[in-house]
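# Residue-level structural notes
Residue strings, one per chain:
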Amino acid sequence: MDGSAGTPGSKRSPAPEGDLDQTPIFLAVLVVLITLMLLYVWKKKRTARSDVLLMGLCDSGKTLLFSHLILDDEKETFTSIKENLGYLTTSSGELRLVDVPGHERLRGKFFDQYKNLSKAIVFVIDSVTVQKDIRDVADFLYTILADKATTNLPVIILCNKQDETLAKGEGVIKSLLEKEINLVRQTRTSQLQSVDANSADAVFLGKSDKDFEFGQLSQKVKLVACSAKECQLDDLNAFLDSL
């Protein structure tokens, strides 16, 4: 008789490892992946650029433009001491329009506050007084264009108040701006060379071996004529729809 079976002290072979239930492991991995995906979507939503900054000097017509776009009406305007916020629905989605105060003591503060959330820049110019104010206009525009937070953003420059007789055309304004920005660039470059700490916040505009032209910039910059008073805003509306 074979005594190998049932012999006291005999050992049985362990169950194959392939028989173990892998379901808890798969579920744990799935939970981790879903959690990571939700965190990614939440973080992306928080940092998404959806603001359009409406900028320019005082009395350029920014707040009237804001009123037309957001309220669809012409309201009495005055010099703003704080930003105006409103939501605008376009063919490409919803945008938050930020009307930044144009006062010299305020505009830098609000620009710094919103520039990292901005998706585009709308820069408004008073076409009647632009020649008189060209230094201030060019200096402010240079600050916006040279900032690292906005160097890749599309920019539209609205030559406003074209309904007035003494208004300069967009071609003339473009030439005035390019000439003046070239001078501002020389001054800023000299300042950055003497103060290295500030050089990380701005980029050099244009080509160093040529006079400044908007066509030299990495971002798309477009100058158009408009009239907020007459609600002639077709180019602006097309720009906003394209964002």
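These figures come from a predicted structure and were not determined experimentally.

For the protein chain, the helix and strand inventory stands at 6 helices and 6 strands. Overall, the protein chain shows an N-to-C arrangement of helices and strands of α-β-α-β-β-α-β-α-β-α-β-α. For the protein chain, the proportion of its 243 residues judged to be buried stands at 38%. Sequence-distant contacts, at least 24 apart, represent 75% of the contacts inside the protein chain between residues at least 6 apart.

This paragraph deals with the layout of surface pockets. Taken as a whole, the largest pocket encloses approximately 550 Å³ of empty space. Together, 23 residues line the largest pocket, and Asp139, Tyr142, Thr143, Arg188 and Ala202 are the ones closest to its centre. Elements represented by at least two residues in the lining of the largest pocket include exactly helix H3 (104-114), helix H4 (134-146) and helix H5 (170-194). Here the lining of the largest pocket takes 7 residues from H4, the largest share from any one element. Grouping the amino acids of the lining of the largest pocket by side-chain chemistry returns 8 nonpolar, 5 polar and 10 charged.

Moving on, we get to the nonpolar core. Phe123, Ile157, Leu177 and Phe214 are the most contacted members of the largest nonpolar core, which has 35 residues in total. Mapped by element, the contributors of at least two residues to this core are strand E1 (51-56), H3, strand E4 (118-126), H4, strand E5 (155-160), H5 and strand E6 (221-225). Here this core takes 9 residues from H4, the largest share from any one element. The contact partners of Leu177, leaving out residues within four places of it in the chain, are Ile125, Ile134, Val137, Ala138, Leu141, Ile157, Phe214 and Leu223.

Mapped onto the secondary structure, Ser118 falls in strand E4. At a separation of 2.6 Å, a polar atom in the side chain of Ser118 contacts the main-chain carbonyl oxygen of Lys115.

This part takes up the side chain of Gln219. Along the chain, Gln219 falls in the loop between H5 and E6. Residues contacting Gln219, with those up to four places away along its chain left out, are Leu145, Thr150, Thr151, Asn152, Leu153 and Val155.

Glancing now at the environment of Gly108. Along the chain, Gly108 falls in helix H3. For Gly108, a relative accessible area of 33% translates into the label partly exposed. On a C-alpha basis, the gap between Gly108 and Phe140 in space is 9.0 Å, while along the polypeptide they are 32 residues apart.

According to the stated counting rule, one finds 2 aromatic pairs in the structure shown. For the ring pair Phe123 and Phe140, a centre distance of 5.6 Å and an interplane angle of 65° mean the geometry is edge-to-face. One end of the pair, Phe123, is in strand E4; the other, Phe140, is in helix H4, with 17 residues separating them in the sequence. For the residue pair Phe123 and Phe140, the accessibility class agrees, reading buried in each case. Both rings, one in Phe212 and one in Phe214, keep their centres 5.3 Å apart while their planes meet at 75°; by these two values the pair is edge-to-face.

Below, the discussion takes up the sheet that holds E5. Here we have 6 strands laid out as an open sheet, ordered E2-E3-E1-E4-E5-E6, and mixed in their pairing. Taken across any chain shown, the strands that pair with only one partner, and hence form the sheet edges, are strand E2 (84-90) and E6. If you compare each strand with its neighbour and ignore which way they point, the axes differ by 25° on average. Summarising the sheet, E5 and E6 pair through 5 bridges and their orientation is parallel. Across the sheet, Val155 pairs through a bridge with Val221, a residue of E6. Across the sheet, H3 touches E1, E2, strand E3 (93-99) and E4, and the angle it forms with E1 is around 165°. Against the sheet, helix H6 (residues 234-241) contacts E1, E2, E3, E4, E5 and E6, and its axis sits at roughly 165° relative to E5.

Parameters and conventions
- Residues numbered from 1 in each chain as written.
- Predicted model: local features only at pLDDT ≥ 70, side-chain atom pairs only at ≥ 80, totals over all residues.
- Heavy atoms only, no water.
- Helix = DSSP H or I, 4+ residues; strand = E, 2+ residues; numbered from the N terminus.
- Buried < 20%, exposed > 50% of the residue type's maximum accessible area, 1.4 Å probe, protein only.
- Contact = heavy atoms within 4.5 Å.
- 1 Å grid on protein atoms, 1.4 Å probe; cavity = no way out; pocket = protein on both sides within 12 Å on 5 of 7 lines; lining within 4 Å.
- Points joined across faces, edges and corners; volume = space filled by probe spheres on them.
- Nonpolar A, V, L, I, M, F, W, Y, C, P; charged D, E, K, R; others polar.
- Core = buried A, V, L, I, M, F, W, Y, C linked by side-chain atoms within 4.5 Å.
- Polar contact = N/O pair within 3.5 Å; in protein donor to acceptor, adjacent residues only side chain to side chain.
- Phe/Tyr/Trp six-rings, centres within 6.5 Å; stacked < 30°, edge-to-face > 60°.
- Pairing = 2+ DSSP bridges.
- Axes fitted to C-alpha atoms, helices over the stretch in contact; angles between N-to-C directions.

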